[in-house]
Amino acid sequence: MTTPTTRTGSATAATRGRAGNPRAWALLVPAWAAVALLVVPLVALVLQVDWAGLPEDLASPLAWQAIRLSALTTSTTLVVVLLLGTPLAWMLARGTHPAIPWVRALVTVPLVLPPVVGGVALLAAYGRTGVLGGPLDDWLGITLPFTTVAVVLAEVFVAMPFYVISVEGAMRGLDRRYDGIAATLGASPLRTFLTVVVPMVGPGIAAGAALAWARALGEFGATITFAGNFPGRTQTVPLAVFTALEQDPDAAVALSVLMLAVCVLVLAVLRRRWLT
Amino acid sequence: MTGTLHVDLGLTRGDFTLTAALDLAPGTVTAVLGPNGSGKSTLLLALAGLLPLTAGSITLGGCADHPVTTWAEAERGLHLRPQDRRVGLVLAEPMLLPHLSLRDNTAYGPRSRGASRAQARQRADEELDRVDLRDLADRRPDAVSTGQAQRAALARALATDPDLLLLDEPLSALDPETRSRTRADLHHRLCDFAGATVLVTHDPLDALTLADRLVFLEAGRVVQVDTPRAAIARPRSPYVARVVGLNLLPGTARVGHRVEVEVSGGVVVTAEDPAEVADGAALWLAIDPSAVALYEEPAPGSTRNTWPVVVADVTVAGQRARVGLEGPLPLQAEVTTGAVADLGLRAGRRLWAGVKATEVTAYPA
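Let me sum up the structure you'll find in this document. Since the model is a prediction, treat every value here as computed from it, not as a measurement.

Turning our eyes to something else, we now look at the sheet that holds strand β12 (residues 247-254) of chain B. All names here are of chain B. Strand order in this open sheet of five strands is β14-β13-β12-β15-β21, and the pairing throughout is antiparallel. Two strands lie at the open edges of the sheet, namely β14 (268-271) and β21 (360-364), each paired on one side alone. In this sheet, adjacent strand axes meet at a mean angle of 40° when their direction is disregarded. For strand β15 (residues 282-287) and β21, the ladder comprises five bridges, and the chain directions are antiparallel. Within β21, the residue paired with Ala286 across the bridge is Thr361.

Let us now look at the pairing of strand β5 (residues 69-73) of chain B. All names here are of chain B. For strand β4 (residues 55-60) and β5, the ladder comprises four bridges, and the chain directions are antiparallel. Among the inter-strand pairings, Ser57 is bridged to a residue of β5, identified as Glu73. Relative to strand β6 (residues 78-79), β5 runs antiparallel, the two sharing two bridges. Within β6, the position partnered with Glu73 by the bridge is Leu78. If you look at the hairpin formed by β5 and β6, you'll find four residues sitting between the two strands, and Gly77 has a positive phi there, around 65°.

It is worth spelling out helix α2 (residues 102-112) of chain B at this point. Most of α2(B) sits out of view: nine of its 11 residues are buried. The elements touched by buried residues of α2(B) are α9 (177-184) and α10 (189-200) of chain A together with α3 (117-130) and α4 (146-158) of chain B. Positive backbone phi, at 100°, marks B:Gly114, one or two positions downstream of α2(B).

Residue and element names in this part refer to chain B. Sheet architecture is open: five strands sit in the order β16-β20-β17-β18-β19, paired in antiparallel fashion. Edge positions in the open sheet fall to β16 (293-295) and β19 (331-336), since each of these has one partner strand only. Across the sheet, the axes of successive neighbouring strands diverge by a mean angle of 50°, strand direction being ignored. Direction of pairing for β16 relative to strand β20 (residues 350-355): antiparallel, over a ladder of three bridges. Note that in β20 the partner of Ala293 across the bridge is Gly354.

It is worth spelling out the nonpolar core at this point. B:Leu5, B:Leu43, B:Leu47 and B:Leu164 are the most contacted members of the largest nonpolar core, which totals 64 residues. If you tally residues by element for this core, the top one is helix α8 (residues 148-172) of chain A, at eight residues. With residues near it in sequence (within four places) discarded, B:Leu5 still touches B:Leu22, B:Asp23, B:Leu24, B:Leu47, B:Ile58, B:Thr59, B:Leu60, B:Trp71 and B:Leu164.

What follows is about the interface of chain B and chain A. Contact residues are listed per partner, giving 21 residues for chain B and 19 residues for chain A. Counting the contacts that link chain B with chain A gives one salt bridge. The salt bridge partner of B:Glu93 is A:Arg177, with a shortest N-O separation of 2.8 Å. Linking chain B to chain A there are eight residue pairs in polar contact (both at pLDDT 80 or more). The leading source of residues in the side of chain B that touches chain A is α2(B), at four residues. Here the residues of the side of chain B that touches chain A sort into 11 nonpolar, five polar and five charged.

All names here are of chain A. On the surface, a cluster of negative charge is made up of Asp50, Glu56, Asp248 and Asp250. Tracing the chain through its elements places Asp250 in helix α14 (residues 249-275). Accessibility expressed as a relative area gives 39% for Asp250, which makes it partly exposed.

All names here are of chain B. The backbone of Met95 sits at a positive phi, close to 55°, despite the residue not being glycine. Within the secondary structure layout, Met95 lies in the loop between β7 (87-90) and α2. Residue Ala219 is not a glycine yet carries a positive backbone phi of 50°. Considering the arrangement of structural elements, one finds Ala219 in the loop between β10 (213-218) and β11 (221-226).

Conventions adopted
Residues numbered from 1 in each chain as written. Chains lettered and ligands numbered in written order. Predicted model: local features only at pLDDT ≥ 70, side-chain atom pairs only at ≥ 80, totals over all residues. Heavy atoms only, no water. Pairing = 2+ DSSP bridges. Helix = DSSP H or I, 4+ residues; strand = E, 2+ residues; numbered from the N terminus. Axes fitted to C-alpha atoms, helices over the stretch in contact; angles between N-to-C directions. Buried < 20%, exposed > 50% of the residue type's maximum accessible area, 1.4 Å probe, protein only. Contact = heavy atoms within 4.5 Å. Core = buried A, V, L, I, M, F, W, Y, C linked by side-chain atoms within 4.5 Å. Salt bridge = Lys/Arg side-chain N within 4 Å of Asp/Glu carboxyl O. Polar contact = N/O pair within 3.5 Å; in protein donor to acceptor, adjacent residues only side chain to side chain. Nonpolar A, V, L, I, M, F, W, Y, C, P; charged D, E, K, R; others polar. Patch = residues over 30% accessible without salt bridge, like charges linked within 9 Å, V, L, I, M, F, W, Y side chains within 5 Å. Areas by Shrake-Rupley, 256 points an atom, 1.4 Å probe, with all protein chains shown as cover. Lys, Arg positive; Asp, Glu negative; His and termini not counted. Charge placed at Lys NZ, Arg CZ, Asp CG, Glu CD.

These figures come from the coordinates and say nothing about function on their own.
Okay, structure coming up:
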């Protein structure tokens, strides 16, 4: 009884939509305005590119150093995020301790925090006079700010939450009875994590890793605040773009379009794995 | 095999309490039946070690040549993890790991328990062979049928040589045809399993064909433990009677030449004399629905028990029909479909029901 009624109802709606209700313009105009706001700058960027000079621009010392540094720091960040973030996602998904919701709330703060505030917070923690930075400097002679390590710390700080939230969601969706079965088969919690949980949330891990890596690649505010802008040491691609904009606009555009291309690639890979 | 598992447990979760005392001997199959929420799955999880006891204990062995292994003892806060018990668990869904072949799924237990890769694979192949899946060992779970996947789940559970095999409605997710084939496979495999098996089920057919002993749970308590034959003949709770398809009435004996039993509301039922019943003893009366005869007039003289009834519902299965009756006693009658037509059995029809005293089985409650 119900099914035919519904089918008739939706068919009518579809017919009406195709015939073109004039009132739809009230929605379609702002919709296309939104598309323009998002797409026009990207098209403009691509139009600005001096395609013939692109290889040379990217090979310039400033650009090439930045590319290498970004590759190094973002891949290090990704390793740290995978090694620490996956167990954290597991703890948030499976933990029964009453403090778990609070931990989850804290972990998500960097998602919405302005990155520059993150940079100030990192300085407060690891700066020479910081909570941890002070003792590190006094006892071990280690200073973190304005080093490549600081770049990685800044990237981890902003990228980890993306990964953890994505993987936690995937792990929550996993049937807990698999854990029980694995336990009766003799698997320790660590073995269950490695051989049951991680393989079964593989797509979630891939998606989270891509998101986190893209976020780390684009990191600017926390990096410049906490690590500074030293070519070859802390000047990642976004910082190099910002610096080059004054001296060498062509290099800035070249690096920008490179990052655009990389981001589109990541999106394409994600769609393949995930959305289709 | 390391002896009998002695279970005497209490488990409280929220406002639900399960208490059960059972002995599970090697080589036996115990079916646990009960309505939803009666604590069947809780019992299974407690035996597996996935839920801690709040009272009592579970111990394994304890005769001359087997030292006692305590799996759990609430009083001493002792709880052996599932990893440290030897249990196999099969649920309604196969729950095979989707990224592993049937062989690697089956080898997972032996590998987790320290066998080498080669040993584990060999063991897996043996187990898969016993459930006729050797040829499909390299397939992933999504490339086999649900019945095959469920047999692989059984192979996986048995590959660790468990002392106790736990089956939680293992056939309930299968379609009817696969179910009866898998039931036969399961029976075949259980025949040469040395350990104890606990089978939780809804389906009386599973219980009657696979189990040596039936345990009925209701609201967290064991209401009856019997062989299938005894449970069919003499149910001891309305739920058990429903499962085995009998009318069951509680009553009090009034001894005479034949026993008269006063049941609810002062109705007296005459039954064959059960052995050694004292006046005033509490009895159960079981009446086979096919012994309940229906008449348009009060039953003929030789029938001692006759009551006016109203038809509540009729369900037909093949040549027979079940008729729910309301009256001084709630009764189910089983009649031929011909009788349904002749008597015009539809809801609201007024009739007389008669049961011969020889058809009423009375036994102490």
